Amino acid sequence: MTTETEKITDPMADPSPAKSIGDPGITPLSPSHIQQNDTDQVPSGPSFVVVVAIDFGTTSSGYAYAFANEPECIHTMRRWEGGDPGVSNQKTPTTILLTPDRKFHSFGYAARDFYHDLDPSESKHWLYLEKFKMKLHTTANLSIDTDLHAANGKRVKALDIFAYALAFFKEQALKELSDQTGGEFDNNDVRWVITVPAIWKMPAKQFMREAAYKASMVSRETPEQLIIALEPEAASIYCRKLRLHQMVDLGTPATQNGFSPTDNVGSGMTQGTSRRRDRYVVVDCGGGTVDLTVHQIRLPEGHLKELYKASGGPYGSLGIDYEFEKLLCKIFGQDFIDQFKIKRPAAWVDLMIAFESRKRAAAPDRTNPLNINLPFSFIDYYKKFRGHSVEHALRKSNVDFVKWSSQGMLRMSPDAMNSLFKPTIDHIIQHLSELFEKPEVSDIKFLFLVGGFAESPLLQQAVQNMLQGRSRIIIPHDVGLTILKGAVLFGLDPSIIKVRRSPLTYGVGVLNRFVEGKHPADKLLVKDGTRWCTDVFDTFIAADQSVALGEMVKRSYTPAKPSQQVIVIHVYCSEKESAGFISESGVRKCGTLRLDVSGTESAAPRREIQTLMQFGDTEIRAMAVDVATGRTVKASIDFLSH
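Here the structure is a predicted model, which means the values were calculated and not measured.

Novice: Before we go on, may I ask you to explain the sheet that holds strand 16 (residues 303–313) in this structure?
Specialist: Strand pairing in a sheet relies on backbone hydrogen bonds. The paired strands run either parallel or antiparallel. With mixed pairing, eight strands are arranged side by side in an open sheet as 13-21-20-14-15-16-22-26. Taken across any chain shown, the strands that pair with only one partner, and hence form the sheet edges, are strand 13 (247–250) and strand 26 (546–548). Recorded for the sheet is a direction-independent mean angle of 25 degrees between the axes of neighbouring strands. Examined bridge by bridge, strand 16 and strand 22 (residues 497–501) share two bridges and lie parallel to one another. Bridge pairing in strand 22 links Leu304 to Ile497. Along the sheet face, helix 13 (residues 414–436) touches strand 14 (279–285), strand 15 (290–298), strand 16 and strand 20 (446–450) and points at about 35 degrees away from the line of strand 15.

Novice: Can you walk me through the sheet that holds strand 18 (residues 402–405) in this structure?
Specialist: Read across the open sheet, the three strands follow the order 17-19-18; overall the sheet is antiparallel. If you trace the sheet from one side to the other, it starts and ends with strand 17 (370–373) and strand 18, each paired once. Neighbour to neighbour, the strand axes of the sheet diverge by 30 degrees on average, direction disregarded. Of the strand pairs in this sheet, strand 18 and strand 19 (residues 409–412) are connected by four bridges, and their pairing is antiparallel. Its bridge partner lying in strand 19, Lys403 is registered against Arg411. On the sheet, helix 13 packs against strand 17 and strand 19 and is oriented at approximately 80 degrees with respect to strand 19.

Novice: Teacher, can you tell me more about the confidence of the model for the chain here?
Specialist: Confidence in the prediction for the chain averages 84 pLDDT; 85% of positions are at 70 or higher. Overall, residues 29–44 carries pLDDT values under 50, and its contacts beyond four positions in sequence, including any with other chains, amount to 36 contacts. Low pLDDT, under 50, characterises residues 253–262; the stretch is placed with 14 contacts to residues that sit more than four places away or in other chains.

Novice: Would you mind going over the pattern of salt bridges with me for this structure?
Specialist: Think of it this way: side chains of opposite charge can pair up when their charged atoms draw near. Evaluation of the coordinates by the stated rule reveals 25 salt bridges. One salt bridge connects Arg531 with Glu516, and the closest N-O pair in it is separated by 2.3 Å. With a gap of 15 residues between them, Arg531 in strand 25 (residues 530–541) and Glu516 in the loop between strand 23 (505–513) and strand 24 (524–527) connect regions that are remote in the sequence. The partly exposed category is assigned to Arg531, whose relative accessible area is 36%. Residue Glu516 is classed as exposed on the basis of its relative accessible area, which comes to 58%. Linked through salt bridges whose partners overlap, the residues forming this network are Lys131, Asp321, Glu356, Lys359 and Arg360.

Novice: Please explain the nonpolar core as it appears in this structure.
Specialist: Soluble globular proteins tend to pack their nonpolar side chains together in the buried interior. The biggest cluster of nonpolar side chains holds 148 residues, and the ones touching the most others in it are Phe162, Trp192, Phe324, Phe332 and Leu447. Residue contributions to this core peak at 12 residues, all from helix 4 (residues 158–181). Once residues lying within four places of it in the same chain are set aside, the contact partners of Phe332 are Phe378, Tyr382, Arg386, Val390, Ala393, Leu394 and Leu410. Val553, Ile567, Met613 and Val633 belong to the second largest nonpolar core, which has 32 residues in total.

Novice: Please clarify how the pairing of strand 16 should be interpreted in this entry.
Specialist: The side chains of a regular strand alternate, first on one face of the sheet and then on the other. Counting buried positions along strand 16 yields nine of 11 residues, so the element is predominantly enclosed. Here strand 15 hands over to strand 16 after four residues, with Gly302 in that stretch at a positive phi of 80 degrees.

Novice: Can you walk me through the packing of helix 13 against helix 14 (residues 457–467) in this structure?
Specialist: For any two helices packed against each other, the geometry comes down to the angle between their axes and how far apart the axes lie. Remark: helix 13 packs on helix 14, axes separated minimally by 10 Å, with the N-to-C direction vectors making an angle of 35 degrees. For the crossing formed where helix 13 meets helix 14, the hand is right-handed. From helix 13, Asn418, Phe421, Ile425, Ile428, Ile429, Leu432, Ser433 and Phe436 reach across to helix 14, where they touch Leu458, Leu459, Ala462, Val463, Met466 and Leu467.

Novice: It is not clear to me how the packing of helix 10 (residues 345–359) against helix 13 should be interpreted in this structure. Could you clarify?
Specialist: Closest axis-to-axis distance for the helix 10/helix 13 pair is 12 Å, and the angle between their directions is 95 degrees. In terms of their interaxial angle, helix 10 and helix 13 are classed as roughly perpendicular. Packed against helix 10, whose contacting residues are Phe355, Arg358 and Lys359, the element helix 13 presents Met417, Leu420 and Phe421 at the interface. Of the residues that constitute the contact of helix 10 with helix 13, the class distribution is four nonpolar, no polar and two charged.

Thresholds, definitions, all that
- Residues numbered from 1 in each chain as written.
- Predicted model: local features only at pLDDT ≥ 70, side-chain atom pairs only at ≥ 80, totals over all residues.
- Heavy atoms only, no water.
- Pairing = 2+ DSSP bridges.
- Helix = DSSP H or I, 4+ residues; strand = E, 2+ residues; numbered from the N terminus.
- Axes fitted to C-alpha atoms, helices over the stretch in contact; angles between N-to-C directions.
- Contact = heavy atoms within 4.5 Å.
- pLDDT = per-residue confidence, 0-100.
- Salt bridge = Lys/Arg side-chain N within 4 Å of Asp/Glu carboxyl O.
- Buried < 20%, exposed > 50% of the residue type's maximum accessible area, 1.4 Å probe, protein only.
- Core = buried A, V, L, I, M, F, W, Y, C linked by side-chain atoms within 4.5 Å.
- Left-handed = near helix turned anticlockwise from the far one by under 90°.
- Parallel < 35°, antiparallel > 145°, perpendicular 65-115°, else oblique.
- Nonpolar A, V, L, I, M, F, W, Y, C, P; charged D, E, K, R; others polar.

Okay, here's the thing in structure tokens:
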């Protein structure tokens, strides 16, 4: 890119050779990177009576709330009916059931139990979905039209399913709030918070927001009524408020901590002479993803600052379920398992529930085998399918860790169970090792392990072995609810996280003056005798760059023709920290910025639309103003591919 001095200093001297709509032919009128720090003027928005946070998890979900006038008192949702043995039922499974004509029927335990009780001839017409949240992470070109597959193989629109789920939580929460306050509770008095993994890209976050609009949780006219919170950030906010008796410190007896049990972690971490005690890593291990975030507490206010961009991947506890499925395929044959899942979907769900409770019993020092109940229809269907018994299949298969017990169960040795955990835990450990090699992280003394999967003793031991005492591992008592409670705190005060790191490099394509010997010849464009270099990547913000809350990136654009109604600018992104041209490898188009300039025509020879983009929040926002008239221009930034 050209240096500051080579850039056009007088924008009026060279009219922009902007080409057709949506073309990277815009020249920025103000190419300099202006940042304004108006952190103090961030509008607080309307005041809400209550904050309700929804932790929409891959495997389980729930909500919690707090009234604005009692922020210290966080209520978690009422007990659900129909919990599983061996699983605490403060959250409900993320499962949804639609009737054969695709209407919402039920969610959570209720959906699972009803589906289970249907006759197989009937159940194949009902649409049952579980573990569908991961689709938003794994779909490369996510759009409003992305599909999901129900257990019977039928396709449904992902947006409908997410909207049904959010509508269910909205209804449950409002019902509980109405009961609490003794009157009809108004949705306008609620600030909603929905949690998403920090490693999710912008399209997935925007998809969640679209689903909330569809569920009438908030309207498009009042977007600030819904906040998207990042799961590890929420966990971090909660963890620093923890009292010592509310957590387990792996590897140190409570008395040797050096603080009294009533101190909270935040104050404990920032006491002492070591400057580094105020930094910590949050490892959020859920059902679908594992998210790693690095934070620093800034005193005296206790604000949080992100020190390294969020990292992680799809290494949640679901990976163990996939390994179990692979094991079953090895024993009984992939063809049978595929058929069984489609023909007896409810029995397959039962089998996975039985596995889930045994999965939770896995521990490093376990010596006795784990028994998994095989549903009768599995045994029966297998005999019909293969012409021999399940017992015969187990004897014949060369999987020695899994035996058949006379009570009709699969008997797994602890080693067999541990080997199902290994690939997933190895991924997490590899990621953590890489993170701890970064200079920002190498000497951090505290690590919080949160999320449902953090309860696994196998994972805890693996993290301990990797760190070898370099960092203290702290696990909150109600580890599965950490994110929920933190999300409520975040909703009460979203400005608590003052500095974030941009996960990607964002920018647009522009034209700059062509410089011989510096710019490649194939990028030369001659227009009205002026030589321009096309496709130049104008960076708004770089990957891993610190951005303060409320910090703006300012650019000015001008319509190519006076009559133009809409300016469409393509936004590009890259994982790399710098990019010279939008045509480089690794740079991809990821969104569009639309400026609606209709009705702003003026006598001025050239209109200037000043655009402000905000990157310091959990979502990217854009605002624009027509400089000549001072009128606001409708600006929107869209990341969902259409």
